[in-house]
Amino acid sequence: MTTALPVPTLKAGPAGLTLEGVALADIAERFGTPTYVYSRAALTQAYEAYQRALGLRKSLVCYAVKANSSLGILSVFAKLGAGFDIVSRGELARVLAAGGDAGKVIFSGVGKSADEMRYALESGIGCFNVESAAELDRLNEVAGSMGKRAPIAFRVNPDVNPNTHPYISTGLRSNKFGVAFTEALDLYRKAATLPNIEISGIDCHIGSQLLDPAPMAEAADKILGLVDQLAREGITLDHIDLGGGLGIRYRDEEPPTPTEYLKPLLERFAGRDEALCFEPGRSLVGNAGLLLTRIEYLKPGVEKSFAIIDAAMNDLARPALYDAYHEIVAVAPRAVPATRYEVVGPICESGDFLGHDRDLSVETGDLLAILSAGAYGMTMSSNYNTRPRAAEVLVDGDTVHVIRDRETLEHLLKGERPLP
Ligand SMILES: *Cc1c(COP(=O)(O)O)cnc(C)c1O
């Protein structure tokens, strides 16, 4: 049985797998492994699917930078005119370095420091998504000290259950994110009295890897009720931000398309003046990337056989962290019957696996592609076991751009010193 690969621009051919016009084997040859490989066409298609779904509606798609913050990726979205959703000063610096428009930046996160607020105000960002009363006070003070007014939205917690993994569900009352729905009205009233705060919108984000549009529609209904209540008190908003969270196919999931996902929302917002904003991360980059790796050893075992590869949990943490599934395919499968392998990395942890029970027709030294690795892959990587981070390349037609050099040991030891 052959099912379509989840990475849309990946094709099987006589030279093995190719991404757009480039053979993965050539990339491994030129740049080594492990290497993250992204497709510009797939990134563009994913962004344009949102634009198509939104049509002529006044709207802004703010790419959630934490999903993949490499400058090469950000520059693709900046050139497409995207906005950005950031959660730190560092992410804002990245957006600006990649040519993003500060005015289209939204600053999310529960713990913004005064320094971060100052930097964001200096840069002229579009909106702060405020997540507590204390943050509102601090922002009012910081903006006042600079003689500025800070544009804000409250991130409101609509208390809906998105039916996703508990670590990535964020819109429940018990989560640390956002302000309680029941407190939102009072916070807006208070914000309206603060001299250095300019009320601009409202925001919610209920979770990640959402496969069902219904919880989002439920959240939108609650938000709309609040927006209308605010309007009756004379507090009008210029935008409504419904967050990110649309899921992708890793294995056999059947996520809605952006058109299907947005349809119930667009219906609810038809004829309204506010701009509609979204903060998608995973659904813009997840299936535009893969992790290319080489098999170091095949190790037959009594109970299980192991394929030990040169990528590990430090490169792609999602399997170890969430027990996440990523499709793993041989770049050029051999004409031999498949063997069932545990696909594991070299790190000294039993949790260092990339996939369980995978049937692969491979020999030692062969290349594997770990699919759907574009989101929360490189950004969650670490140097655990003093392993340099992978290189990243972006394929654009027949061209391969190195968007990040492979780390060297100098990178890793920089800033450290032994005792004299
Ligand atoms: C993580 C996050 C997103 C992006 O979520 P995805 O599931 O990757 O689309 C958007 N907004 C906020 C506030 C987030 O924390």
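Everything discussed here concerns the structure shown above.
Visitor: Can you walk me through helix H2 (residues 40–54) in this structure?
Guide: Each full turn of the α-helix corresponds to 3.6 residues, which orients residues three or four apart in the same direction. Its 15 residues place the ends of H2 21 Å apart at the C-alpha level, agreeing with the 21 Å of an ideal helix rising 1.5 Å per residue. For H2, the full list of buried residues reads Ala42, Leu43, Thr44, Ala46, Tyr47, Ala49, Tyr50, Ala53 and Leu54.

Visitor: Please clarify how the side chain of Glu253 should be interpreted in this entry.
Guide: With respect to the helices, strands and loops of the structure, Glu253 is situated in the loop between strand E12 (239–241) and helix H9 (258–269). In this structure, Glu253 is buried with no salt-bridge partner, the nearest side chain bearing the opposite charge being Arg249 at 6.2 Å. For Glu253, the contacting residues outside a window of four places in its chain are Gln209, Leu211 and Ile248.

Visitor: Is there a simple way to explain the pattern of salt bridges in this structure?
Guide: Two side chains bearing opposite charge may form a pair once their charged atoms approach each other closely. Throughout the structure, instances matching the rule amount to 19 salt bridges. A salt bridge links Lys304 to Asp357, with the shortest nitrogen-to-oxygen separation between them at 3.1 Å. Here Lys304, found in the loop between strand E14 (289–299) and strand E15 (305–309), pairs with Asp357, found in strand E18 (residues 353–360); they are 53 residues apart in sequence, far enough to count as distant. For Asp357, a relative accessible area of 39% puts it in the partly exposed group.

Visitor: Is there a simple way to explain the packing of helix H7 (residues 181–193) against helix H8 (residues 214–232) in this structure?
Guide: Across the interface, H7 lies against H8 with an axial gap of 11 Å and an inter-helix angle of 25 degrees. Taken together, the axes of H7 and H8 are roughly parallel relative to one another. Crossing of H7 over H8 shows right-handed handedness. From H7, Phe181, Ala184, Leu185 and Tyr188 reach across to H8, where they touch Lys222, Ile223, Leu226, Gln229 and Leu230. Residues of the contact of H7 with H8, tallied by class, amount to seven nonpolar, one polar and one charged.

Visitor: Whenever I open this one, the sheet that holds strand E1 (residues 10–13) confuses me. Can you help?
Guide: Within a sheet, neighbouring strands are paired by backbone hydrogen bonds and run either parallel or antiparallel to one another. Across the sheet, which stays open at both edges, the three strands sit in the order E1-E2-E3 with antiparallel pairing between neighbours. The sheet is open, and its two edges are formed by E1 and strand E3 (22–23), each paired on a single side. Summarising the sheet, E1 and strand E2 (residues 16–19) pair through four bridges and their orientation is antiparallel. Across the sheet, Ala12 pairs through a bridge with Leu17, a residue of E2.

Criteria and thresholds
Residues numbered from 1 in each chain as written. Predicted model: local features only at pLDDT ≥ 70, side-chain atom pairs only at ≥ 80, totals over all residues. Heavy atoms only, no water. Helix = DSSP H or I, 4+ residues; strand = E, 2+ residues; numbered from the N terminus. Expected span 1.5 Å × (residues − 1). Buried < 20%, exposed > 50% of the residue type's maximum accessible area, 1.4 Å probe, protein only. Lys, Arg positive; Asp, Glu negative; His and termini not counted. Salt bridge = Lys/Arg side-chain N within 4 Å of Asp/Glu carboxyl O. Contact = heavy atoms within 4.5 Å. Axes fitted to C-alpha atoms, helices over the stretch in contact; angles between N-to-C directions. Parallel < 35°, antiparallel > 145°, perpendicular 65-115°, else oblique. Left-handed = near helix turned anticlockwise from the far one by under 90°. Nonpolar A, V, L, I, M, F, W, Y, C, P; charged D, E, K, R; others polar. Pairing = 2+ DSSP bridges.

So yeah, pure geometry; function would need other evidence.
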